Amino acid sequence: MAKYFEKYNFVQNPYEPTNPYLIDEKFLEWDRPDLKNVQRDLDRFFEDILNGGRIGLRIFGQTGSGKTWLTKIINKKLNQKSKDANKNIVFIYTLIPAVEASFSVMYREAMSNFIKNNLKNIGAFVQKEFSNETPTTWNQLIPNNELARILHMINTNAHHPELAKKWLLGERLSSSELNTLDITYALDGDYKRLTILKELLLHLSKNFGPVVLVIDELENTPAKLSSAIGDSLRELLDDFSENFALIASFTAEKEDEWYELGFSEQLSRRFDYLIRLDSLSSEHISEFLRVHHNLYFNPSNAPENKLSPFSDDSLEVLLRLMRPEYHYPGFLLPNCGRLVREAAEQELDVIDSKFVEDNKSSLRYL
């Protein structure tokens, strides 16, 4: 049997739980038309950052509400809008993983993301702007001799690029390795890492274009580190006057949980926008799934009914069967996938309310 979702004219599985940063961007669009206040704030955020502002944005919601997905949507939209406005932009994503929650890991993830997704574009800018790409021309963009040389080494893949990458990621280096790089110090402490991160972002925001830094999964911050990480975030916002946005995302039911995580009111006041990703309601679930499905249908034979193979009443029953704490896209979509697979195996064209009731044993989050 072909892949079960192909029976319903999907080009890819629309229900598979996947890291949004691994999904092809053509499948990523804003699919929560029910959250009009969020859309309004996002539009204002885009306008502010492209107009050169210094902006702070917090995003919170329950597990499965789409916080990481939203940061990727912001990434895509900013790239589109910056091209339309003929602007350069730097977008860096990092997180605090539960398995190894520390500033050093957050820093390493940020720099890895920067190298992977931004460095080539910045190198092309240096080449175009200064008619050559050398440590000297990089130094005109990044007025820090060591950092400019390191970025040049990594981007041009010349003069020990892997060793240069280890230095930038804050990994341990021996004295002989530092001598090879012609650098006298390693980034062997959080203060040094924060300093080099701020310097990189500041120079880019002044000489290249707006910089957006996303820090995801802040709920994983250990209590003993929340004050230090909070101070680091406050320093980042305080050190910029323009061309910078900090996006902080955390799992919570209520905004006040931000303070329970150990972050201060002083830090909170530095954020201009607060976005809450609410649960899906029976009133809007069909609208949500239509928008989501439309991204995945084969354009050459997409059904007229974008909810297909579901009926409106089937989704209402599905939502009623699921416990309220699971009324979020991250739980709803996998359950839809289970129903679609069952329907495909039974060669059914429509999933109605009776089918959902008859197959509730195959569902989760009930």
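None of these values were measured; they are calculated from a predicted model.

1. Examining the pairing of strand β3 (residues 211–216)
With respect to burial, β3 is a largely interior element, six of its six residues being buried. Looking at chain direction, strand β2 (residues 90–95) and β3 are connected through six bridges and run parallel. Each bridged residue has a counterpart across the sheet, and for T94 the counterpart in β3 is I215. Strand direction decides the pairing type here: β3 and strand β4 (residues 244–251), joined by five bridges, are parallel.

2. Side note on the side chain of K72
Its place among the elements puts K72 in helix α2 (residues 67–84). Among all residues touching K72, those that are not within four sequence positions of it are P20, Y21, E25 and L28.

3. Re the pairing of strand β1 (residues 54–61)
Among the eight residues in β1, seven count as buried, and that is most of the element. Inspection of the sheet shows β1 paired to β4 by eight bridges, in the parallel sense. Among the inter-strand pairings, G56 is bridged to a residue of β4, identified as L246. Sheet analysis places β1 next to strand β5 (residues 273–277), joined by five bridges and oriented parallel. Directly across from L57, in β5, lies its bridge partner Y273.

4. What to know about the packing of helix α13 (residues 285–296) against helix α14 (residues 312–321)
The contact between α13 and α14 brings their axes to 9 Å, and the two run at 115 degrees. The angle between the axes of α13 and α14 places the two elements in the roughly perpendicular class. Note on packing geometry: the crossing formed by α13 with α14 is right-handed. Packed against α13, whose contacting residues are I285, S286, L289 and R290, the element α14 presents D312, L315 and L319 at the interface. Residue composition of the contact of α13 with α14, by class: four nonpolar, one polar and two charged.

5. Considering unusual backbone geometry
Omega for the bond connecting S308 with P309 falls within 30 degrees of zero, at 10 degrees, which places this linkage in the cis form. The backbone of Y365 sits at a positive phi, close to 60 degrees, despite the residue not being glycine. The topology assignment puts Y365 in the segment after α16 (353–358). Given the relative accessible area of 18%, Y365 is considered buried.

6. Notes on the nonpolar core
Residues F45, L70, I74, L78, V212, F310 and L318 are the most contacted members of the largest nonpolar core, which totals 64 residues. Top element by residues in this core is helix α15 (residues 329–345). It accounts for eight residues. Counting residues in each nonpolar core, the second largest holds 63 residues, with I150, I154, W167 and L237 among its members.

7. A closer look at α15
Counted at 1.5 Å a residue, the expected span for α15 with its 17 residues is 24 Å, and the 24 Å between its end C-alpha atoms agrees. With twelve of 17 residues buried, α15 lies mostly within the body of the structure. Along α15, the residues that are buried comprise P329, F331, L332, L333, P334, N335, C336, G337, L339, V340, A343 and A344. On its buried face, α15 is in contact with α13, α14 and α16.

The rules behind the values
- Residues numbered from 1 in each chain as written.
- Predicted model: local features only at pLDDT ≥ 70, side-chain atom pairs only at ≥ 80, totals over all residues.
- Heavy atoms only, no water.
- Buried < 20%, exposed > 50% of the residue type's maximum accessible area, 1.4 Å probe, protein only.
- Helix = DSSP H or I, 4+ residues; strand = E, 2+ residues; numbered from the N terminus.
- Pairing = 2+ DSSP bridges.
- Contact = heavy atoms within 4.5 Å.
- Axes fitted to C-alpha atoms, helices over the stretch in contact; angles between N-to-C directions.
- Parallel < 35°, antiparallel > 145°, perpendicular 65-115°, else oblique.
- Left-handed = near helix turned anticlockwise from the far one by under 90°.
- Nonpolar A, V, L, I, M, F, W, Y, C, P; charged D, E, K, R; others polar.
- Core = buried A, V, L, I, M, F, W, Y, C linked by side-chain atoms within 4.5 Å.
- Expected span 1.5 Å × (residues − 1).

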